[in-house]
Amino acid sequence: MAERSFVEEVKKLKLGQGEVFSGEGILAVTKALLESGVAYVAGYQGAPISHLMDVLADAQDILTEQGIRFENSASEATAAATLAASVNYPLRGAVTFKATVGTNVASDALANLASGGVTGGALIIVGEDYGEGSSIMQERSHAFAMKSQIWLLDPRPNLTSIVESVKAGFDLSEASNTPVMLQLRIRACHVHGQFVAGANRPPEFTLKEAMEQPQRDVSRIVLPPASFVHEQEKIKERWPAAVKFIEERRLNEFFDGDHGDLGVIVQGGSYNTMMRALERLGLADVYGNSQVPLYVMNVAYPVIDSEVLRFCEGKRAVLLVEEGQPNFIEQNLATILRQAGVSAQLHGKDVLPVAGEYTTAALLKGARAFFERYGRIEPQPLPAPVRKIIPLVQAKELPAPPEPDQPIEEVVHARPPGFCTGCPERPIFSAMKLVERELGPHHVSADIGCHLFSILPPFHLGNTTMGYGLGAAGAAALNVPAGKRAISVMGDGGFWHNGLTSGIANAVFNRSDNLTIVVDNNYTSATGGQDILSSKANNATRSTGHEIEQAVRGVGVKWVKTLRRTYDVAGMRDTLREALTTKEKGPKVLIAQSECMLNKQRREKPLVRKAMADGKRVVRDKFGVDSDTCTGDHSCIRLSGCPSLSIKPNPDPLRSDPVATVLDSCVGCGNCGDVSHAAVLCPSFYKAQVVSNPSGWERLRERIRSGAIGWLQRGEARRRERYAF
Amino acid sequence: MNAAQPIKIAILAMGGEGGGVLADWIVDLGEHNGYIAQTTSVPGVAQRTGATIYYVELFPRERAQADGGHPVLALMPLPGDVDVVLASELMEAGRAVQRGLVTPDRTTLLASTHRVYSIAEKSAMGDGRVDSTELLAHAARAAKRFVRFDMARAAEESGSVISAVLFGALAGTGVLPFSRAHFEATIERGGVGVKPSLRAFGSAFDRAQKEGDAAQQEAAPIVQREPAPTHPEVRALVEGVRKDFSADLQPVLLEGVRRLIDYQDTAYAGTYLDRVRKVQALKVDDGGRLDEAVARHLALWMSYEDTARVASLKTRSSRFERVRGESGAQADQLLAINEYMHPRLQEICETLPGGLGRWLMNSGAPRRLVERMTQKGRVVRTSSLRGYLMLRTVAATRRWRRSTTRFAEENGLIENWLQRIGEVAAFNPALALEIAQCQRLVKGYSDTHERGKRNYELLMEAARKAGPTLAPATLRELRDAALADEHGKQLRAKLAQYALG
């Protein structure tokens, strides 16, 4: 049950020769795969390529029509190993995952794959989660490509170029028996654009044939002496073959400019941004016609010496635009130019930022520095001092806007991501806060997933995060007799990805005494709600419903508790307390289950609306706060942080502190009420139950009730009225 | 060199606010009306309630064909190079200004004036809200044209979402080369919630067209109710206020009297006025600030929240109506109200008549029994006859409130407080004012209330120790520190810093 459905969009995958495709980059990549005749696709979800997995999942009938196998891999390592099918057989295969975290996990398989080399085209599509909005460490995939000798494509971020490089990638891979990595930056993945589609191509060789007529070639297996031969092959055969292919197919692009003595070398992925910078400097127009010659490296690795030399020959200086660090390409170019004795000055991270995303602003600044240095553009004049002129006659204009008292930084707050309204993970951490009040703070080893938001306000829980599924592993060393136990958090996604072995089994084997909380919300919620083994939904093409508790017991954990309603804050608190204080030795595992509210609402809202329309009885819960009993302390917010639990001006003329209020976005999960109960906060919370299409009997009972209560209320009101003024 | 330029539009929204929908609408609008459109965004974790930017560029297809080229469109906004900025909320508009996306030479800024408070604003123990006028001032100065109104309300009124309102406002400003019909056709092509979206669009369109008055902030005039007491005792009290107190003090006092009659009875309100008279008699010359503060905080303290008070407030018809309104229940829908309450032994003892309460508190078995019974919180259905009568009974204990242990305790604290104010006013009125305002610390229920009272007593103790040597500003600092964090870390630090701990 993915967060977003592409059922409508995937129809575009059927477009034929010459038709115009209009849509998202990710979808275009999928179409390109179909046009390239792939036999199998695999991958692991994660921004920014989660949608690619969702598209493929929603497109399975189209894929099967084409005889294509789609695998939801257990991890990026699984996905990379899947490419083994292209080692012995002329099968085209593609895998996808996010970089660099996914590439980290996959690198063992990738290294083995690259050593033996491939027969069929093998394409690794990595979604580069770098720069603004990124949720991971800032590194480059480039290093992985270099260390294992995998060719790295970095196309210009427009749909036509992206689609072309997918197709070229397979040809390049086959021409040089080398896997190819296609790097897509996050904005390119989500870019909406158009390209002219080609015809879909079924695979020439099928998996069925491979399974029925297996072939083997021991020289492709990574074991001495073959492994030593592989290294030689890489240099003596595959590299030259790749260079030849890249030159002949003109994968890199040369754009001439009228001023030949300066040049810009830019990675394809940064082309649009660089063009905008040049356009702002008046050196190019909106169509990409540049006065300065450009060499666009749609292939980031390998660097083609001959092309570099051709471009730099006779130039005074060139500017290299290479995002991220270390500056691998810059070092490489320096060697090439030096050894060839080319005099062109090489500039790169001396004028551009050494680290960080290459935004338009950053490139504009760097390019300006470069072109000013070589006298290509005039230095910017200093801003002339503004002199106050008193108008002779009062201008009849709108009054000038008022002067703000505080700087903008003071009044604009950060908006850290947090748990959604009604998120089932919130009560888990509310409960942890309550236990913290009783037992004091514990070391909390966090994991990757929505639950990592616990490190932020209002919860401030979590000391480290060592990677996906490594929450429990991150507490491994904290395994000595002590007055407190360490707490680890792990999501169901991370659990199946590797946490079961790297964390739970490891804790069993090493006789850990710590607590691991497994947050089970029915699918990998953070990446967009893709199904996994323990998903409740029955998935037509996958086997689900495998209980986490069974797996945990299976590896030998004795103390296992499963809470099927995380919203029961008191229950959660008591179980946590027990897990942290019980005399019982050995690892404790607490499985906290409740469905991701974001997806649940997406699924159920329409159903409820329909039921109401059909006149069925529907009960809607909404929580609220009585503003006349709320004293404006906001403890409830500090224990919850729910987006729908907010504040509003105090209606009480004697009070100034704002009171808590529940916004209409409330989904009635009940967390705030349960928290105020468990924490003995205040009696201001109420739950309103609104019954649509009630039964006749209900209406009658309600009439009697409200009649009696109304009568009593009127009496009371009269008494107060006498004293009112 | 060709000087053609794309139209550059940035949308600042929070996750789940329909920023993506708005971007897609604009793209569809462009593509159906002769424009090459590109949009992209960085959803990532921002989807989960964080702030995010959607960026759109539009370029006329005819122009491109005429020039025989294809535009290279950017994937992110460049500060100082944006034509239109749409912000779904006021602080997001501020963020656009902060990021330099809004510039006076060219940017039309469309923003909703409503606030979605940041977690920092919400979780403050006192009032942590940012002043909206500050944000408005920054936005107004940065933008070439600033179209703003409460779009959340506009959306609610038309049963739609903010994105539709923004789309309408965008059409209304006329900054894009498309007609109203083009915009509306886009919404219809979308096919989801078309009718309400069009309603929202329409109203926003008109609103944006006459932005002159839209610029004026909607502010409800505060009406001061002219008291018209009927009951003789009440009349006496009101006349007392009129006679003995300055005009600018009267509104607060009348509010206090109103509150305390409602809370207890006219005699209680009388006590209140007498106490304020005592303070007034000190003849402190600070422009009536001390009197005002005492009048305000004394009224609040004397109407401390106990079970009887809460029960009384929760059982009123006015409150039932408010809940109906807040829950958006229609006339043909039934409404049940459930209260989340957690009375503990303490609250029960405080509610019982003094003697009985004390006995139970100090008893053996009965006390343990009650404690066991009050382990878990209770959910009381006020809308059921049983629940209502139960709360009404609790509310009725108001009658013997004066005899309860809680009353004795609070009353004692109030007396000390007033006495301290009197003593201190003699040598430092400013410090007396600060002491009066320390009542603000004592609020909330159970743990929260105990914590507040603890902090209050710490401050009073500090004030007593320091005596005349305590600077008013220092006490204010201590009070702010007490409101800074739950664990009293900052307060302890401050007390240590001033050697008052």
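Residues numbered from 1 in each chain as written. Chains lettered and ligands numbered in written order. Predicted model: local features only at pLDDT ≥ 70, side-chain atom pairs only at ≥ 80, totals over all residues. Heavy atoms only, no water.

Chemist: Just checking my understanding: could you explain the interface of chain A and chain B for this structure?
Modeler: Quoted interface sizes are often the accessible area lost when the parts come together. Contacts between the two partners involve 128 residues from chain A, matched on the other side by 142 residues from chain B. Taken over both partners, the interface formed by chain A and chain B buries close to 11300 Å², and the fraction arising from carbon and sulfur atoms is 56%. Sorting the residues of chain A by area buried against chain B places Tyr 287, Arg 415 and Phe 725 of chain A first, and these three jointly supply 10% of that buried surface. The closest approach of N and O atoms between Arg 451 of chain B and Asp 633 of chain A, which form a salt bridge, is 2.9 Å. Seen at the junction of chain A and chain B, the total is 59 residue pairs in polar contact (both at pLDDT 80 or more). The element best represented in the side of chain A that touches chain B is helix α24 (residues 696-723) of chain A, accounting for 13 residues. Residue composition of the side of chain A that touches chain B, by class: 60 nonpolar, 34 polar and 34 charged. (Contact = heavy atoms within 4.5 Å. Buried area = accessible area lost by both parts, 1.4 Å probe. Salt bridge = Lys/Arg side-chain N within 4 Å of Asp/Glu carboxyl O. Polar contact = N/O pair within 3.5 Å; in protein donor to acceptor, adjacent residues only side chain to side chain. Helix = DSSP H or I, 4+ residues; strand = E, 2+ residues; numbered from the N terminus. Nonpolar A, V, L, I, M, F, W, Y, C, P; charged D, E, K, R; others polar.)

Chemist: What exactly am I supposed to notice about the domain arrangement of chain A here?
Modeler: Considered domain by domain, chain A is made up of domain 1 (9-214 + 221-248), domain 2 (252-373), domain 3 (421-599), domain 4 (618-693) and domain 5 (696-725). Here the C-alpha centre of domain 5 of chain A lies 25 Å away from the C-alpha centre of domain 4 of chain A. (Domains from an automatic or database assignment.)

Chemist: Explain the packing of helix α18 (residues 354-362) of chain B against helix α19 (residues 365-373) of chain B to me, please; I cannot follow it from the model alone.
Modeler: Residue and element names in this part refer to chain B. Interaxial distance between α18 and α19 falls to 6 Å at its minimum, and their mutual angle equals 85 degrees. Judged by the angle between their axes, α18 and α19 are roughly perpendicular. Contact with α18, carried on its side by Trp 359, Leu 360 and Met 361, involves Pro 366, Arg 367 and Val 370 of α19 and no other residues of that element. (Axes fitted to C-alpha atoms, helices over the stretch in contact; angles between N-to-C directions. Parallel < 35°, antiparallel > 145°, perpendicular 65-115°, else oblique.)

Chemist: How do you make sense of the sheet that holds strand β15 (residues 444-446) of chain A when you look at a structure like this?
Modeler: Pairing between the strands of a sheet comes from backbone hydrogen bonds, and it takes one of two forms, parallel or antiparallel. Residues and elements named next belong to chain A. Here we have 6 strands laid out as an open sheet, ordered β16-β15-β17-β18-β20-β19, and parallel in their pairing. Strand pairing shows two members of the sheet lacking a second neighbour, β16 (464-465) and β19 (559-563), which therefore form its edges. Where β19 meets strand β20 (residues 588-593), 5 bridges bridge the pair, whose relative direction is parallel. In the strand pairing of β20, Lys 561 is matched with Leu 590. The strands touched by helix α18 (residues 492-509) are β17 (487-491), β18 (515-520) and β20; relative to β17, the strand with the most contacts, the crossing angle is about 135 degrees. (Pairing = 2+ DSSP bridges.)

Chemist: Whenever I open this one, the domain arrangement of chain B confuses me. Can you help?
Modeler: Residues and elements named next belong to chain B. Per the domain assignment, the segments of chain B are domain 1 (7-217), domain 2 (232-303), domain 3 (307-404) and domain 4 (422-501). Once you take the C-alpha centre of each, domain 3 and domain 4 turn out to be 32 Å apart. In this complex, domain 3 contributes 4 residues to the contact, which on the side of domain 4 involves 4 residues. For the pairing of domain 3 and domain 4, the buried interface totals around 230 Å² over both sides, and the portion due to carbon and sulfur atoms is 39%. Contact with domain 4 buries area across many residues of domain 3, yet Val 310, Arg 344 and Gln 346 alone supply 89% of it, more than any other trio. One salt bridge in this structure joins Glu 450 and Arg 344, with 3.4 Å as the shortest N-O distance. Scanning the region where domain 3 abuts domain 4 turns up 2 residue pairs in polar contact (both at pLDDT 80 or more). Class assignment of the residues belonging to the side of domain 3 that touches domain 4 gives a composition of 1 nonpolar, 1 polar and 2 charged.

Chemist: Could you clarify how one ought to interpret the confidence of the model for chain B in this entry?
Modeler: Parts of the prediction with low pLDDT should not have their coordinates interpreted in detail. Per-residue confidence for chain B averages 90 on the pLDDT scale, and 95% of its residues sit at or above 70. Here residues 212-222 of chain B is modelled with pLDDT under 50, and outside its nearest four sequence neighbours on either side it reaches 8 contacts, counting other chains as well. (pLDDT = per-residue confidence, 0-100.)

Chemist: I would appreciate a short explanation of helix α22 (residues 429-437) of chain B in the present structure.
Modeler: Structurally, the α-helix is built with 3.6 residues per turn, so residues lying three or four positions apart point the same way. Along α22 of chain B, the positions that sit buried rather than exposed are Leu 431, Ala 432, Leu 433, Glu 434, Ile 435 and Ala 436 of chain B. Summarising the contacts, the buried residues of α22 of chain B are in contact with α14 (289-302), α21 (405-427), α23 (446-466) and α24 (472-482) of chain B. (Buried < 20%, exposed > 50% of the residue type's maximum accessible area, 1.4 Å probe, protein only.)

Chemist: For this particular structure, what's the right way to read the environment of Pro 227 of chain B?
Modeler: By the secondary structure assignment, Pro 227 of chain B is in the loop between α10 (211-214) and α11 (232-244). A relative accessible area of 13% means that Pro 227 of chain B is categorised as buried. The sequence separation of Pro 227 of chain B and Arg 451 of chain B amounts to 224 residues, and the corresponding C-alpha distance is 38 Å. Beyond its immediate stretch of four places on either side in the chain, Pro 227 of chain B contacts Phe 725 of chain A together with Val 238, Arg 242 and Leu 254 of chain B.

Chemist: So what exactly am I meant to see when it comes to the environment of Ala 317 of chain A here?
Modeler: Residue and element names in this part refer to chain A. Following the sequence through the fold, Ala 317 ends up in strand β13 (residues 317-321). In this structure Ala 317 comes out as buried when scored by relative accessible area, which is 0%. Counting along the chain gives 54 residues from Ala 317 to Gly 263, while the straight-line C-alpha distance between them is 6.6 Å. When sequence neighbours within four positions are dropped, the list of residues in contact with Ala 317 reads Asp 261, Leu 262, Gly 263, Gln 345, His 347, Phe 370 and Tyr 374.

Chemist: Explain the pairing of strand β5 (residues 122-128) of chain A here, please?
Modeler: In regular strands, side chains alternate between the two faces of the sheet. Residue and element names in this part refer to chain A. Most of β5 is tucked away, with 7 of its 7 residues classed as buried. As paired elements, strand β4 (residues 93-99) and β5 share 7 bridges and run parallel to each other. What sits directly across from Lys 98, in β5, is Gly 127. On the question of chirality, the crossover connecting β4 to the parallel β5 by way of helix α6 (residues 101-116) is right-handed. (Right-handed = clockwise from strand over helix to strand, strands pointing away.)

Chemist: Would you take a moment to explain the sheet that holds β5 of chain A for this structure?
Modeler: Residue and element names in this part refer to chain A. Read from one edge of the open sheet, 7 strands run β3-β2-β4-β5-β7-β6-β12, paired in mixed fashion. This sheet does not close on itself; its edge strands, each paired only once, are β3 (69-72) and β12 (299-301). Strand-to-strand twist across the sheet, computed as the mean angle between neighbouring axes with direction ignored, equals 20 degrees. Contacts from helix α1 (residues 25-35) reach β2 (40-43), β4, β5 and β7 (180-185), with the element oriented near 180 degrees to β5. In the packing of helix α2 (residues 50-58) onto the sheet, the strands contacted are β2, β3, β4 and β5, and the crossing angle to β3 comes to about 130 degrees.

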